[in-house]
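Each chain, written out:
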Amino acid sequence: MFPASFGANSPEMPAWVVRYTLGRMEAFVVPEIEWSVMLPFITVVATALAVLIAEMFLPRERHTPLVLLGLIGIGIAGYFQLVNWQVNLTTFAGTVRADSLGAILNLAVLGATALTLLLSDDYLRARQIRYGEFYPLLLFATSGAMLMVSSTNLMVVFLGLEVMSLALYVMAGLARTEVRSEESALKYFLLGAFASAFFLYGIALMYGAQGTVDLQQVLANLAQFEESGFSRLLTVASLAMMAVGLGFKASLVPFHMWTPDVYQGAPTIATTYMSAVAKVAAFAVLIRVVFNTLPFMELWMPVLWALSALSMGVGNLMALIQRDAKRVLAYSSVAHAGYLAVGLVSANQTGLTGMLFYLFAYSLMTVGAFGVLTLMARAGDATTISALSGLYRRQPFVAHMMAILLLSLAGIPPTAGFWGKWYLFLSALEANHVWLAVILGLTSVVGAAYYLRLAFSLYAEPRETPVVPWRVPVPMVVCLLVCALGLILLGVRPAYLAEPSAQASKQVQIVRPTNLSLQK
Amino acid sequence: MAERLLFFLLALIVVSTAVGVVTNRNPVRSALLLVANFFSLALLYFLLSAQFLGVLQIIVYAGAIMVLFLFVIMLLNLGSPEPATFSEQGYRRPLAWLIALGMFALLVSQALVVAGTPPAQADPQVGTARTIGYALFTEWSFAVVVVGVLLTVGVIGSILLARRRSA
Amino acid sequence: MESVPLSAYLTLSAFLFAVGAVGVVIKRNPIVIFMCIELMLNAANLTFLAFAKHQPTLQAQVAGHVFVLFVIGVAAAEVAVGLGIITVMFRLRENIDIDQVNLMRE
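Residues numbered from 1 in each chain as written. Chains lettered and ligands numbered in written order. Predicted model: local features only at pLDDT ≥ 70, side-chain atom pairs only at ≥ 80, totals over all residues. Heavy atoms only, no water.

Asks: Would you take a moment to explain the overall build of chain B for this structure?
Replies: Across its full length, chain B carries six helices and zero strands. Tracing chain B from N to C terminus, the helices and strands come up as α-α-α-α-α-α. Sorting the 167 residues of chain B into buried and exposed places 50% on the buried side. Here the analysis covers contacts within chain B between residues at least 6 apart in sequence; of these, 63% occur between residues at least 24 apart. In the structure as shown, chain B presents an accessible area of about 7,800 Å², 75% of it carried by carbon and sulfur atoms. (Helix = DSSP H or I, 4+ residues; strand = E, 2+ residues; numbered from the N terminus. Buried < 20%, exposed > 50% of the residue type's maximum accessible area, 1.4 Å probe, protein only. Contact = heavy atoms within 4.5 Å. Areas by Shrake-Rupley, 256 points an atom, 1.4 Å probe, with all protein chains shown as cover.)

Asks: What exactly am I supposed to notice about the interface of chain A and chain B here?
Replies: The figure often quoted for interface size is the accessible area lost as the parts come together. Taken together, the contacts link 50 residues of chain A with 34 residues of chain B. Of the roughly 3,900 Å² buried where chain A meets chain B, counting both sides, 78% is carbon and sulfur surface. Scanning the region where chain A abuts chain B turns up zero salt bridges. The interface formed by chain A and chain B holds two residue pairs in polar contact (both at pLDDT 80 or more) in total. At nine residues, helix α5 (residues 154-172) of chain A tops the list of elements feeding residues into the side of chain A that touches chain B. (Buried area = accessible area lost by both parts, 1.4 Å probe. Salt bridge = Lys/Arg side-chain N within 4 Å of Asp/Glu carboxyl O. Polar contact = N/O pair within 3.5 Å; in protein donor to acceptor, adjacent residues only side chain to side chain.)

Asks: Please clarify how the side chain of serine 141 of chain B should be interpreted in this entry.
Replies: Along the chain, serine 141 of chain B turns up in helix α6 (residues 141-162). Overall, serine 141 of chain B belongs to the buried group, its relative accessible area being 16%. Excluding anything up to four places from it in sequence, serine 141 of chain B contacts Pro31 and Phe92 of chain A together with Leu136 of chain B.

Asks: In this structure, what is going on with the packing of aromatic side chains? I would like to understand it.
Replies: Given two aromatic rings, their pairing is described by the distance between the two centres and the angle made by the two planes. Residue and element names in this part refer to chain A. Using the criterion set out here, one finds 31 aromatic pairs over all chains in the structure. With a centroid separation of 5.4 Å and an interplanar angle of 35°, the aromatic rings of phenylalanine 248 and phenylalanine 255 are classed as tilted. On the basis of relative accessible area, phenylalanine 248 is assigned to the buried category, the value being 7%. Phenylalanine 255 sits in the buried class, given a relative accessible area of 17%. Residues phenylalanine 418 and tryptophan 422 carry aromatic rings whose centres are separated by 6.3 Å and whose planes lie at 10° to one another, so their mutual orientation is stacked. One end of the pair is phenylalanine 418 and the other is tryptophan 422, both in helix α17 (residues 416-430) and four residues apart, which spans about a single turn. On the basis of relative accessible area, phenylalanine 418 is assigned to the partly exposed category, the value being 24%. (Phe/Tyr/Trp six-rings, centres within 6.5 Å; stacked < 30°, edge-to-face > 60°.)

Asks: Would you take a moment to explain the state of the cysteines for this structure?
Replies: Throughout this description, disulfide means a covalent bond between two cysteine sulfur atoms. As enumerated under the stated definition, the model contains zero disulfides over all chains in all. With no disulfide of its own, cysteine 479 of chain A lies closest to cysteine 483 of chain A among cysteine sulfurs, the gap being 4.3 Å. (Disulfide = S-S within 2.5 Å.)

Asks: Sorry, what's going on with the interface of chain B and chain C here?
Replies: Facing 86 residues of chain B, the contacting portion of chain C comprises 73 residues. Buried surface at the junction of chain B and chain C, both sides included, amounts to about 7,300 Å², of which 76% is carbon and sulfur. By the criterion of area lost to chain C, the three top residues of chain B are Leu48, Tyr61 and Phe69 of chain B, representing 9% of everything that side buries. Our count for the chain B to chain C interface comes out at zero salt bridges.

Asks: Help me understand the domain arrangement of chain B, please; the structure alone is not making it clear to me.
Replies: Segmenting chain B into domains produces domain 1 (1-80) and domain 2 (128-167). Its C-alpha centre places domain 1 of chain B at a distance of 23 Å from the equivalent point of domain 2 of chain B. (Domains from an automatic or database assignment.)

In structure tokens, the structure reads:
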């Protein structure tokens, strides 16, 4: 009844298997560990612990050393990740995977973390919520996201998801004296835990169907053996449950209800971080799941198609009628989840390249855009569009940078946002999903409307006169410059990112349904 | 036969207490029913030859976690019954039925698929602490480290949230 | 002694999961909603153990048990953070009816 494919019966044992003979426990193996590929994760966790300890010894008001320590740690981790760029292996008894796809997404996660760190001290001071525990939580969340990116073992992915989510729940509730922050934390927590339960049940069904929770093993099972109907149906149910859980985390319609409320209520610095990192991590898992179960694509496809089209439509239309900039960006994040899911639907090399490119570029855009909103903390943290109007008069530099970021979000050349959409558009055409490509194009036009409205309001006449110009903190200048110039650079020379992305996507084996016979 | 009878009894308790948790108005009663639910689940784990986890379920879940729940309910004085049992927002009720039926249909259909699987005999050493310990410290050693990180995050988070200190 | 079929366990855990999911949607007290989420996690645990018994090798069987152990750890961490958030929320507002947690709706 079970496919005779797993456990000791499988014809090829992976390379890490070393028989462990002690008493009757010979079934267990000692994992061989490739320490070099573990280094980025280890560095981030070690940095988090170091920051946690340093925080205890520092006077309460001095957070600059913590930020610096965090940045150094992230830098080292990024270096290790860059060194590992060409690796393609699985280590630690199959629980950690190092490949180029993971390297690109990990670099996006690390970059978003570093940029958030730059903005955080100033924001926390302006809001008077200077809790030193914020920094270790941020770094732990990063380590969780990195695990989600670089593991194909669903149980480890689940643990990484929980590490990231728990830290994010607390960060959303960081402003403990404000009802709206706590409400957003409560909402995020209850719905997030609900979604995790779905994901977990999906893992349980996968374990029952395939005898393993390692996606690579699952793919091998699917490719090598004629399947019994039994394990096929269980696998489909498992995929459905996991889609619900991951849809929540990636805020795909109809699982997006929490996104605007949480994004708006949480302290802006937490929103900045979660909008980039949670999205990258959730999509990394979606990519791994979808591309390792491609033989089921004919069943997946209509579901993903609907999720993608709905997210693009609902996200963009709802963003049109919002009056708060944070809510506009929240619905825009829903819409971007829809654009990204186009790559999953087309499930080809171009789609994967496009997703990697867009995820990297999107994390720059969203960190920058929310980063500008953190500046509003000194004006009572009002983020309505009318409060933003006339930002140009207060702070011309910030307004220019924000305009570039908004253009990139709208997908207008010469910015990286355009190329991301372009690759995804091409991938949809390549996979013969013409209608999806059309929806992508049309909703992008709708999207451009509200981004441009927001951009124009920055240059409008301010309501209050005389205008008091703001001093912009140096870290924010650095952060905005990195985001905006990076996006323009990638817009002018997309190959700098597109080529590595294409290389990474070539590492992924694309097993189309035609390559194997699901029908007996 | 005895095993089937035992399973049937325990399943009955599990089902009725689970329904009780949801339908009961009083949070304290819900919590106590949940303890009963976890306890009978632990006994089911024994039937599935998972002795170690059965014990752990009683100690950690029915013991520590539920005590924490009850403690918070008492601390916050949430023990009074809810004004109305269920959420008043109109759309939730049909949504709930939809979810329930869809979920149950999906999952039961899975159960029907496996009906007729020959009953398996678990390896006699599978549920012991020794075997699980071996597995934890060989194949799953990395995941154990990650659980350590997770618990650290939980500790930092709850300290940050619960401590009475202004910034 | 005739043992219990796998499908019986799966049906039981499906029921448990569905009851938990319904509870999350219809209950108003966040603590009770959280309890319903715990029900769902336990349903997943029961599924893991039921499938574990039917795996062919010791290694694959124990994997299911190990997963359950991890889930118990995850649940403990979730409870710490979740009850923390609920406690803080209650300090700010006397009544934490989930229907009223939508101040931010426009």
